[in-house]
Amino acid sequence: MTEEKETTVLNTSVGADAGQPNQNLCDDSLADSLEEYNRYFRQLNDPSYLPTVSMRELYETAYESKPPLIDGLLFPGTYLLVGAPKLGKSFLVAQLAYHVSTGTPLWNYPVRKGTVLYLALEDDNQRLQSRLYQMFDMEIADQLYFATRARQLGKGLDEQLERFVREHPDTRLNIIDTLQKVREIGGEAYSYASDYDIITRLKSFADCRGLCLILVHHTRKQKADDVFDMISGTNGLLGAADGAFLLQKPKRTANEATLDISGRDQQDQRLHLFRNEEKLCWELERCETELWKAPPEALLDAVAGLVNIERPEWTGSPTELVEALAVDMKANALTMKLNVNTGRLYREHGVRYWNSRTHDGRKIVLRYEPESA
């Protein structure tokens, strides 16, 4: 498939972290001709039509990048944070909320700053005030918001979360403490289907908004060979979620704990934590596994040499970019490689990348826009 080939697949070329356009009938790439536009309409109205995308078409599209909130630990998506009752889960999510809302590193892991909404549904304002003062003293986070009451899912919670995000478009993290407080109670409250459905509904909200949603939940008393099988409820909860954090202590009075992490966007890890008795914050003692790091990529380094603080923008065709970078690579191979690595290019070098199709052919825009401190 060449760059000139017409396709009915939605081509959503976007920048490294610019919001991905809705895949709807307004896509310019879809309406190159009236014939193609009408063909797409007919396909949508055909119940037997299955939208597909080929591997080549995937590579030829620059999709929206989803940088982590906390490098190596927390990504956009829906996560469960589980542990036994009164074990320190609320203190841990308060730390996550505080560090994301201030952009300060957590346990030496880099953090991207954004607004946080924490639904502390088992607390009241006085308890929150006392807890936060003990943990963070007078270091106030202006982008951290709390609510001690909220509606249930399907009974107004959806609208409450949507309204908050509309009013705070830089929201990166929502926390619901606890899941049980917002779930609808019915005849099949603990079936696999209902567990899967409630996470799917919440995940749809998080994915649509490109943010992270943490659901605090409890473990069951029975031990299991796989620690994540200790999550209370059915496997539908973890099956629908993007990942989970499991906090465990060897005994309730201990100050040390382990935090097991598993997810779609990160490698499995186990962190050994201990609790500061004065501030009641969790501190990192050691990691059992070193985080995997991608090997250097020569093409991205070359782009960073072309577009940087001295030359903040470059625009041209793929062929012109091959010449500017002086790389031994065909133009279509170069664009596909940049499409795949658009998020990494921005995270590592602060260069945003756009790849669009115009009447004159493909156009690439590279812009130096490093994350603000």
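Before reading further, recall that the structure is shown in the block above.
The shown structure was predicted, so the numbers you read here are calculated from the model rather than taken from an experiment.

Asker: Is there a simple way to think about the nonpolar core in this case?
Answerer: Proteins that are soluble and globular tend to have nonpolar side chains buried together. Formed by 42 residues in total, the largest nonpolar core has its most connected members in Ile70, Leu74, Trp107, Leu173 and Ile214. Ranked by residue count, the leading element in this core is helix α3 (residues 89-102), at eight residues. The next biggest cluster of nonpolar side chains, apart from the first, holds 29 residues, and it includes Val82, Ile198, Val227 and Leu237.

Asker: I'm lost on unusual backbone geometry in this one. Help?
Answerer: Negative phi is the rule for most residues except glycine; trans is the rule for most peptide bonds. A cis amide bond, omega 20°, links Asp177 with the succeeding residue Thr178. Of note, Thr178 is situated in the loop between β4 (171-177) and α6 (192-209). Of note in the backbone geometry, Trp107 takes a positive phi value of approximately 55° without being a glycine. Mapped onto the elements of the fold, Trp107 is located in the loop between α3 and β2 (115-120).

Asker: Help me understand the side chain of Gln95, please; the structure alone is not making it clear to me.
Answerer: With respect to the secondary-structure elements, Gln95 resides in helix α3. Once you skip the residues sitting within four places of it in the chain, Gln95 turns out to touch Leu106, Trp107, Met135, Phe136, Cys281 and Trp282.

Asker: So what exactly am I meant to see when it comes to the sheet that holds β2 here?
Answerer: Neighbouring strands of a sheet are bound in pairs by backbone hydrogen bonds; such pairs are parallel or else antiparallel. Taken together, the nine strands give an open sheet; going across it, the order is β3-β2-β4-β5-β1-β6-β7-β8-β9, and neighbouring strands pair in mixed fashion. Two strands bound the open sheet, and with one partner strand each, they are β3 (144-147) and β9 (282-287). Averaged over all pairs of adjacent strands, the angle between strand axes in this sheet comes to 20°, irrespective of strand direction. For strand β1 (residues 77-83) and strand β6 (residues 243-248), the ladder comprises five bridges, and the chain directions are parallel. Across the sheet, the residue bridging to Val82 is Leu246, located in β6. Set on the sheet, α3 makes contact with β1, β2, β3, β4, β5 (212-218), β6, β7 (256-263), β8 (269-275) and β9; between it and β4 the angle comes to about 165°.

Cut-offs and rules
- Residues numbered from 1 in each chain as written.
- Predicted model: local features only at pLDDT ≥ 70, side-chain atom pairs only at ≥ 80, totals over all residues.
- Heavy atoms only, no water.
- Core = buried A, V, L, I, M, F, W, Y, C linked by side-chain atoms within 4.5 Å.
- Buried < 20%, exposed > 50% of the residue type's maximum accessible area, 1.4 Å probe, protein only.
- Helix = DSSP H or I, 4+ residues; strand = E, 2+ residues; numbered from the N terminus.
- Contact = heavy atoms within 4.5 Å.
- Pairing = 2+ DSSP bridges.
- Axes fitted to C-alpha atoms, helices over the stretch in contact; angles between N-to-C directions.

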